[in-house]
Amino acid sequence: MHKQPKLIRFNENVLSKYQIYNSIFITLPFDTISKTGVLLPLFHDVCESGFAEKKNPIEIIEEFFTTYQQNPSQEEKLDLLFRFIQYIERQVVLFDAIEDAAFSTVNNMDGVGTMRNTKETAAQKNKREALKKHLEDFKIRLVLTAHPTQFYPGPVLGIITDLAEAIEKNDLLLINKLLAQLGKTPFFKHEKPSPFDEAVSLIWYLENVFYYSISDTYNYIQSNIFDGEKIDNDIINLGFWPGGDRDGNPFVTTEITLNVAKRLKQTILKNYYKDTRILKKRLTFSGVEHYISELEKLLFDNSVNPDLNTMYSLEEFIGKLEEIKEILITKHQSLYLEEITDFINKVHLFGYHFATLDIRQDSRVHHNVFSEIVTTLIESGNKNFPKNYLQLSESEQIEILSNVEDTVDISIFSNEMVTKTLGSIYAIKTIQQSNGERGANRYIISNNQQAVNVMETFAMFNLCGFKHNITADIIPLFETINDLSNAEGVMKTLYSNKAYMKHLAARGNKQTIMLGFSDGTKDGGYLMANWAIFQAKEHLTRISREYGIKVIFFDGRGGPPARGGGKTHQFYASLGPTIENQEIQLTVQGQTISSNFGTEDAAQYNIEQLLSAGISNELFTNSNHIMTESDVEIMNDLAKTSYKAYSDFKSHPKFLPYLERMSTLKYYAKTNIGSRPSKRSSGDELNFSDLRAIPFVGSWSQLKQNVPGFYGVGTALKKYEDAGEFEKVKKFYNGCDFFKTLIGNSMMSLSKSFFDLTQYMEKDEEFGEFWKIIYEEYVTTKRLILKLADYTELMQSNKVGKASIDIRENIVLPLITIQQYALMHIQELSKNPDADPELLKTFERMVTRSLFGNINASRNSA
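Residues numbered from 1 in each chain as written. Predicted model: local features only at pLDDT ≥ 70, side-chain atom pairs only at ≥ 80, totals over all residues. Heavy atoms only, no water.

Draft legend 1. Region of interest: the overall build of the protein. For the protein, the helix and strand inventory stands at 34 helices and 9 strands. Here the C-alpha radius of gyration of the protein, 28 Å, is about what a compact globule of 862 residues would show, namely 29 Å. Projecting the C-alpha coordinates of the protein onto the three principal axes gives extents of approximately 75 × 70 × 60 Å. Across the 862 residues that make up the protein, the buried fraction comes to 60%. Long-range contacts, defined as pairs at least 24 residues apart, comprise 80% of the intrachain contacts of the protein with a sequence gap of at least 6. For the protein, the accessible area works out to roughly 33800 Å², and carbon and sulfur atoms hold 49% of it. Side chains of the protein carry 94 positive and 109 negative charges; the gap between the two charge centres is 2 Å. (Helix = DSSP H or I, 4+ residues; strand = E, 2+ residues; numbered from the N terminus. Rg over C-alpha atoms; globule rule 2.2 N^0.38 Å. Buried < 20%, exposed > 50% of the residue type's maximum accessible area, 1.4 Å probe, protein only. Contact = heavy atoms within 4.5 Å. Areas by Shrake-Rupley, 256 points an atom, 1.4 Å probe, with all protein chains shown as cover. Lys, Arg positive; Asp, Glu negative; His and termini not counted. Charge placed at Lys NZ, Arg CZ, Asp CG, Glu CD.)

Dropping the structure here:
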């Protein structure tokens, strides 16, 4: 049957259903919701018309109360605004659930970017064997992080899942009950979660989504590309940061790291147990019953009590399953062969670890820790370090760090950070003994600046009993523009070191290098960050190949384009042969986990999109993936011009005061959504370098200005327009997929901007001129991007994505109006020494509460 165009499918299955179910929600029999349900549409209309008439948020809200309320008191006004916030939060949840339910209908699950389409394309191009050979080595790794951009508490996530299923089945009775439940369920967390709580929240996705979607994708590849043969490569890996990421999070302890690893093992055994129960109902034949019963008991006992340790080794476990499979083939006509093969594949993919727990710490913390370690060891008579070690040059220190080994006793150190750091390395050894090597075999050094940062970590492993048999990858993370440009020199120093190269040889001559899109954009602006990372990858590929090392790039990406998000699969498909691409590794966090991987369909679709991106870049590369000398020259010039514009903007004396006083920046810490502090230092003064990328990008998003996703792009393009050379950059855009992807993602940032919301700031005595600078860059960027792409509107080629954004932005229009209304009152009250402190607190609470719905509606705003 012929499918309707995607936009029509979206309108029928998402927009229409939202309108129907929202009308049910309006009539729910709760006082706090029914009255709100009647008044909210009226308030929405007043907001729309008010902004069209250039009114500010206070004027708009006062007009609403004058028109639709009879002389309400201040308390009644604030109460209604808080109820509007609660209602809009739930409208967003409803829309999320409807989009999730319609995912497989709106998206073509066999279309471009899926494994079926990739297989058929390979067959048409006579590359079936090449595809098979590529998949023998190629991998993707999705690393789930606990960075605080997810505002839904666990119970609400459960409602979204159940609501999506009920909507898919058109179960009106259940939908009605779930909407009623939604109306009563609180969204606000009164206490910050611990790192263990964050881990438990994300393990839900492993247990209920990834376990099935990853194995389904793997099974399809095995059946349809490898013709049922065993694949030695696991193809899809999972990484996990909650409980292991210590960077800026003082609440992550060795005990939490070990408990998270234990929980991961317990959860995978629980999933295996459930699968075994299903198999037991099917494999009722002679010769296999006792195997299944034995496995069922072992899995149950060890999933209930993870300290029992009576499970088979992983090899023995797979061996038992292979024996069952052989019996089914030889004695039972391969009955239920597909089911046992699926189970074997799951054990092959997830082992006893489920996901690899990464450990991460900042190089500056390491350096201070290492100085303490050296001083204490020298004082205790340890001969590993000369007394003048701390005064030596970097190259002299590296020489010593290459050779030290010991099994130091942590108890001799009094410094808490030293014991935590060394404790995390000892924890890796413990986890590997329990969950297998894949349980924890990566140590990431964030803010890596020098080769000595890597060698200090290398030495710490060798001082903690690994003794030059380090069964873990040491991964430098380069983040700032300066560090990205120095990365090649750092790696050359490491590759020239015999001890480090011996370690790499033991790790298969592979070196993983992480690159930070979030801090790169915060530091250098959108175009420069992406181009600096692209160039760093080219240089690192070249130097690694020179030394016979296969480099693997691990991208630290957030949700929005400003943090390396947006259409990531298009980004990977656009990379050419000058960048090593044997593996795609990236972080997935917060809302991106729930929006892109929140259901089995969505997860499978997006996993396949990433796989296909890597495959097409290798097998189906076209000339648009290869930059000419002229292309590089233009890209360099655009990046430098935008970098200068962004740097000047950052250096403006009103830059930090504007963020601090006119945005929601300082309210992020009050949301209690993550265990990690919102800035690195504990001082009261706002320092740009201490500011984390999430609240930085998120604050611009809440203002509906999205500066990090476009600032400098317009200035760079205008340089070519002013010089009469715009056709040159247009030709570059049409001929370079990398640049086209960058511009496409920037369009998404522009689409989510709404400057009418903050137009009142133009008249502000202190910040008016600064607001105009931002607005003018927005207008210039939007105009020139449309001219570049020959579009009449933003995101013209992605009408469904644009429609989804438009509906979500429409839902939260009253919410962001309330947020700005509260911020305006806070500014007024802060200037008045006689202001009512309780009223000030109420408005501050209103700003904090308004963050939730806006972030969730945007899905990738931070």
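Draft legend 2. Expanded view of the nonpolar core. Ranked by internal contacts, the top residues of the largest apolar core, which has 271 residues, are Phe240, Phe317 and Phe739. With 16 residues, the single largest contributor to this core is helix H33 (residues 799–831). The next biggest cluster of nonpolar side chains, apart from the first, holds 7 residues, and it includes Val143, Trp241, Ile444 and Phe554. (Core = buried A, V, L, I, M, F, W, Y, C linked by side-chain atoms within 4.5 Å.)

Draft legend 3. Inspection of the sheet that holds strand S5 (residues 442–446) at higher detail. With respect to topology, 9 strands assemble into an open sheet ordered S3-S2-S1-S9-S8-S7-S6-S5-S4, the strand pairing being parallel. This sheet does not close on itself; its edge strands, each paired only once, are strand S3 (356–357) and strand S4 (359–362). The pairing of S5 with strand S6 (residues 473–478) spans 4 bridges and is parallel. Residue pairing across strands places tyrosine 443 opposite isoleucine 474, the latter belonging to S6. On top of the sheet, helix H22 (residues 526–546) reaches strand S7 (510–516) and strand S8 (550–556); it is set at about 160° to S8, its chief contact. (Pairing = 2+ DSSP bridges. Axes fitted to C-alpha atoms, helices over the stretch in contact; angles between N-to-C directions.)

Draft legend 4. The pairing of S4, seen in detail. Of the two faces of S4, the one carrying Ile359 and Gln361 and the one carrying Arg360 and Asp362 are both buried. Sheet topology places S4 next to S5; 4 bridges connect them, and they run parallel. Within the sheet, the bridge partner assigned to aspartate 362 lies in S5 and is serine 446.

Draft legend 5. Summary view of helix H17 (residues 416–435). Taking 1.5 Å as the rise per residue, H17 with 20 residues should run 28 Å; its terminal C-alpha atoms sit 27 Å apart, in good agreement. A distance of 2.8 Å separates the backbone nitrogen of methionine 417 from a side-chain oxygen at the start of H17, and that oxygen is part of asparagine 415. At the C-terminal side of H17, glycine 436 shows a positive phi close to 90°. (Expected span 1.5 Å × (residues − 1). Polar contact = N/O pair within 3.5 Å; in protein donor to acceptor, adjacent residues only side chain to side chain.)

Draft legend 6. Inspection of the packing of helix H1 (residues 6–26) against H33 at higher detail. Between H1 and H33, the shortest axis-to-axis distance is 9 Å and the interhelical angle comes to 20°. Taken as axis vectors, H1 and H33 run roughly parallel relative to one another. Between H1 and H33 the crossing geometry is right-handed. From H1, Lys6, Leu7, Phe10, Leu15 and Tyr18 reach across to H33, where they touch Lys799, Val800, Ala803, Ser804, Ile807 and Ile811. (Parallel < 35°, antiparallel > 145°, perpendicular 65-115°, else oblique. Left-handed = near helix turned anticlockwise from the far one by under 90°.)

Draft legend 7. Summary view of the packing of aromatic side chains. This structure, assessed with the given rule, holds 50 aromatic pairs. An angle of 15° between the planes, with centres 5.3 Å apart, marks the rings of tryptophan 531 and phenylalanine 534 as stacked. With tryptophan 531 and phenylalanine 534 both in helix H22 and 3 residues apart, the pair spans about one turn of that helix. Here the two residues tryptophan 531 and phenylalanine 534 agree in accessibility, since each one is buried. Seen in terms of ring centroids, phenylalanine 696 and tryptophan 700 are 6.5 Å apart; in terms of plane orientation they differ by 90°. Their pairing is edge-to-face. Of this pair, phenylalanine 696 and tryptophan 700 both sit in helix H28 (residues 693–702), 4 residues apart, roughly one helical turn. (Phe/Tyr/Trp six-rings, centres within 6.5 Å; stacked < 30°, edge-to-face > 60°.)

Draft legend 8. Structural detail: the pattern of salt bridges. Per the counting criterion, the structure on display carries 46 salt bridges. Two residues, arginine 90 and glutamate 89, come together in a salt bridge whose shortest N-O distance is 3.4 Å. Residue classification places glutamate 89 among the buried residues on the basis of a relative accessible area of 1%. With a shortest N-O distance of 2.8 Å, aspartate 637 and lysine 719 are connected by a salt bridge. Residue aspartate 637 is found in helix H26 (residues 629–651), and its partner lysine 719 is found in helix H29 (residues 713–722); the two are separated by 82 residues along the sequence. Here lysine 719 falls in the partly exposed class, since its relative accessible area comes to 40%. (Salt bridge = Lys/Arg side-chain N within 4 Å of Asp/Glu carboxyl O.)

Draft legend 9. Representation of a negative patch on the surface. Together, Asp162, Glu165, Glu168, Asp216 and Glu600 give the surface a local cluster of negative charge. Counting residues per element, the negative patch draws most heavily on helix H8 (residues 154–168), which supplies 3 residues. With respect to the helices, strands and loops of the structure, glutamate 600 is situated in helix H25 (residues 600–619). Here glutamate 600 falls in the partly exposed class, since its relative accessible area comes to 37%. (Patch = residues over 30% accessible without salt bridge, like charges linked within 9 Å, V, L, I, M, F, W, Y side chains within 5 Å.)

Draft legend 10. Inspection of helix H19 (residues 481–495) at higher detail. Over its 15 residues, H19 extends 22 Å from the first C-alpha to the last, a length consistent with the 21 Å expected when each residue adds 1.5 Å. Along H19, the sharpest kink reaches roughly 45°, centred on alanine 487. Buried within H19 are the following residues: Ile481, Asp483, Leu484, Ala487, Val490, Met491, Leu494 and Tyr495. (Bend = angle between axes of the 7 residues up to and from the residue.)

Draft legend 11. View of the pairing of strand S1 (residues 139–145). Of all 7 residues making up S1, 7 are buried, and the element is well covered by its neighbours. Neither face of S1 is open: one carries Lys139, Arg141, Val143 and Thr145, the other Ile140, Leu142 and Leu144, and all of them are buried. Here S1 pairs with strand S9 (residues 583–589) via 7 bridges, running parallel. When the bridges of S9 are listed, isoleucine 140 appears paired with isoleucine 584. Where S1 meets strand S2 (residues 236–240), 5 bridges bridge the pair, whose relative direction is parallel. Of the residues in S2, the one forming a bridge with leucine 144 is phenylalanine 240.

Draft legend 12. A look at unusual backbone geometry. With a phi angle near 50°, aspartate 227 is a residue other than glycine that sits in the positive phi range. With respect to the helices and strands, the residue aspartate 227 is situated in the loop between helix H10 (195–224) and S2. Of note in the backbone geometry, lysine 704 takes a positive phi value of approximately 60° without being a glycine. Within the fold, lysine 704 resides in the loop between H28 and H29.

Draft legend 13. Structural context of the packing of helix H3 (residues 57–68) against helix H4 (residues 74–101). At a minimum axis distance of 12 Å, the contact between H3 and H4 shows a crossing angle of 110°. One finds that H3 runs roughly perpendicular with respect to H4. Between H3 and H4, the contacting residues are Ile61, Glu62, Phe64 and Phe65 on the first element and Lys77, Leu80, Leu81 and Phe84 on the second. Residue composition of the contact of H3 with H4, by class: 6 nonpolar, no polar and 2 charged. (Nonpolar A, V, L, I, M, F, W, Y, C, P; charged D, E, K, R; others polar.)

Draft legend 14. Expanded view of the side chain of serine 850. The topology assignment puts serine 850 in helix H34 (residues 837–858). What makes serine 850 buried here is its relative accessible area of 0%. Of the polar contacts made by the side chain of serine 850, one reaches the side chain of glutamine 819; its length is 2.9 Å. Dropping the residues within four chain positions of it, serine 850 is found in contact with Ile85, Gln702, Leu815 and Gln819.

Draft legend 15. Up close: the environment of leucine 298. Considering the arrangement of structural elements, one finds leucine 298 in helix H12 (residues 289–304). You can call leucine 298 buried: its relative accessible area is 16%. A C-alpha to C-alpha distance of 9.6 Å links leucine 298 and asparagine 309, two positions 11 residues apart in sequence. Discounting residues that sit within four places of it in the chain, leucine 298 has contacts with Thr310, Met311 and Tyr312.

Draft legend 16. Fine view of the environment of asparagine 606. Of note, asparagine 606 is situated in helix H25. Overall, asparagine 606 belongs to the buried group, its relative accessible area being 14%. Once you skip the residues sitting within four places of it in the chain, asparagine 606 turns out to touch Phe103, Asn596 and Phe597.

By themselves these figures say nothing about function.
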